[in-house]
Amino acid sequence: MHNLLILAAASSILFVPPQQPEAALEPAHQRNQVYKEVLREGLKAGGTTVSLPSPTFRDELDEAGRRAALLEVCGSEQALTNFLRDSVTAPHVLKVSDAKTEDSTIRSVDLWFVVRADLSKLDPLKFIGQADEKAVEVGNMRFEQRLLTADDLKPRNRTAQLEGDAPHWFVELKGRLLDRIAFQAVDEAMATRADDSMVVAARVDPAFNSPGDVTNQWKNLRDGGPANPYQGGASYAKISRLKLKEADDALIVEVHAAFDEPNGWFQGAPILRSKFSPVVQDQVRRLRRELLKNRPKSNPS
């Protein structure tokens, strides 16, 4: 589960009015305030608003609807059959889009892949506890997370709630990109469950925009210049039961994310974007291997 936020942070733009109607939210997840916010407001940066798409696999879809959604994601019946393979190396579908702002590029990532797991055993509280695990290094990039404490949150008038069926927490994410850019940002995150799905949503919290020990900022490691404010990103991961006869234990994972890449990072060149595909492949396979540890012995390819 730890890999999902890494996927979202390291990862079809719809230009719509900033507010989406409440009806667009699935009833079971309306108590997820962070999910509400990222769907309604998207990401605002440099005078541009980019919205995240609603989930492809909504809870109310019947089997025919789920199959139609899978076919739309995969593009063909043959690709769909391959997509559903019970394998660590089964393919994923990744789409990346860009939007230019006054002084940055907003990168949007949409990702779909299948895992085998028991949804009822995917525990958000365990996910929270993994925030302090060792750093992830991939593609000449390094990411690490730290769960913020009450002492970290108090100066920003923020409070976490780790108990109950809708845990709400804050994580400091630090990254080092291609030995050129260092950034840190605080994600506000929340998880909710339904009978057939789980949603983990996150957004960079603007309460941490002002200077402090824990703040949203980035630095150019090569010129030694001052720190710059970081406008951040927004994301959500939804994990849903597929409930297909040929894949009764299959879960579909979809991740939708957008983040701001200032021109000061790579002058607008798609250097970081070119790393998305290998990073996503690495993280998807890591997640599948992690889930495989809790399954009965099988022979994945």
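Residues numbered from 1 in each chain as written. Predicted model: local features only at pLDDT ≥ 70, side-chain atom pairs only at ≥ 80, totals over all residues. Heavy atoms only, no water.

### Concerning the packing of aromatic side chains
The full count for this structure, using the stated rule, is six aromatic pairs. For the pair Phe259 and Phe276, a centre-to-centre distance of 5.9 Å together with 65° between the ring planes defines the contact as edge-to-face. Residue Phe259 is found in strand β13 (residues 250-262), and its partner Phe276 is found in helix α8 (residues 276-292); the two are separated by 17 residues along the sequence. Site record: aromatic cluster; members linked through ring pairs are Phe183, Trp218, Tyr230 and Trp265. (Phe/Tyr/Trp six-rings, centres within 6.5 Å; stacked < 30°, edge-to-face > 60°. Helix = DSSP H or I, 4+ residues; strand = E, 2+ residues; numbered from the N terminus.)

### A look at the pattern of salt bridges
What the rule picks out here adds up to 22 salt bridges. A salt bridge links Arg58 to Glu60, with the shortest nitrogen-to-oxygen separation between them at 2.7 Å. Looking at Glu60, the relative accessible area reads 54%, which means it is exposed. Between Arg116 and Asp249 there is a salt bridge; the shortest N-O distance is 3.4 Å. Here Asp249 lies in the loop between β12 (233-241) and β13 and Arg116 lies in strand β4 (residues 104-116), a separation of 133 residues in the sequence. Relative accessible area serves as the criterion here: at 31%, Asp249 is assigned to the partly exposed category. A network of salt bridges, in which partner residues are shared, links Glu37, Arg158, Glu188, Arg203 and Asp205. (Salt bridge = Lys/Arg side-chain N within 4 Å of Asp/Glu carboxyl O. Buried < 20%, exposed > 50% of the residue type's maximum accessible area, 1.4 Å probe, protein only.)

### Focus on the pairing of strand β6 (residues 141-147)
When strand β5 (residues 136-138) meets β6, the two strands line up antiparallel, connected through three bridges. Opposite Val138, over in β6, you have Met141 as the bridge partner. In this antiparallel pair of consecutive strands, β5 and β6, the connection spans two residues, and Gly139 shows a positive phi of 60°. Here β6 runs beside strand β7 (residues 168-177); their pairing, made up of seven bridges, is antiparallel. If you follow Arg142 over to β7, its bridge partner there is Arg176. (Pairing = 2+ DSSP bridges.)

### So, helix α2 (residues 33-41)
Within α2 the residues assigned to the buried category are Val34, Tyr35, Lys36, Val38 and Leu39. For α2, the secondary structure elements touched by its buried residues are β8 (181-193), β9 (197-204) and β12. Looking one or two residues beyond α2, the residue adopting positive phi is Gly42, at roughly 60°. (Contact = heavy atoms within 4.5 Å.)

### As for the pairing of β8
Of all 13 residues that make up β8, 11 are buried, and the element is covered over most of its length. Where β7 and β8 come together, 10 bridges link them in antiparallel fashion. When the sheet's bridge partners are listed, Arg176 is paired in β8 with Ala182. Counting the residues between successive antiparallel strands, the hairpin from β7 to β8 contains three residues, one of them, Leu178, with a positive phi of roughly 55°. Examined bridge by bridge, β8 and strand β10 (residues 217-220) share four bridges and lie antiparallel to one another. By the bridge assignment for β10, Ile181 is matched with Asn220. Relative to β9, β8 runs antiparallel, the two being bridged by seven bridges. Pairing of Met190 across the sheet is with Ala201, part of β9. As consecutive antiparallel partners, β8 and β9 are separated by three residues.

### Topic: unusual backbone geometry
If a residue is not glycine, its phi is most likely negative; likewise, a peptide bond is most likely trans. Unlike most non-glycine residues, Asp179 shows phi in positive territory, near 60°. With respect to the secondary-structure elements, Asp179 resides in the loop between β7 and β8. Judged by its relative accessible area of 41%, Asp179 falls in the partly exposed class. Residues other than glycine seldom take positive phi values, yet Lys243 does so here, at roughly 55°. Its place among the elements puts Lys243 in the loop between β12 and β13. What makes Lys243 partly exposed here is its relative accessible area of 38%.

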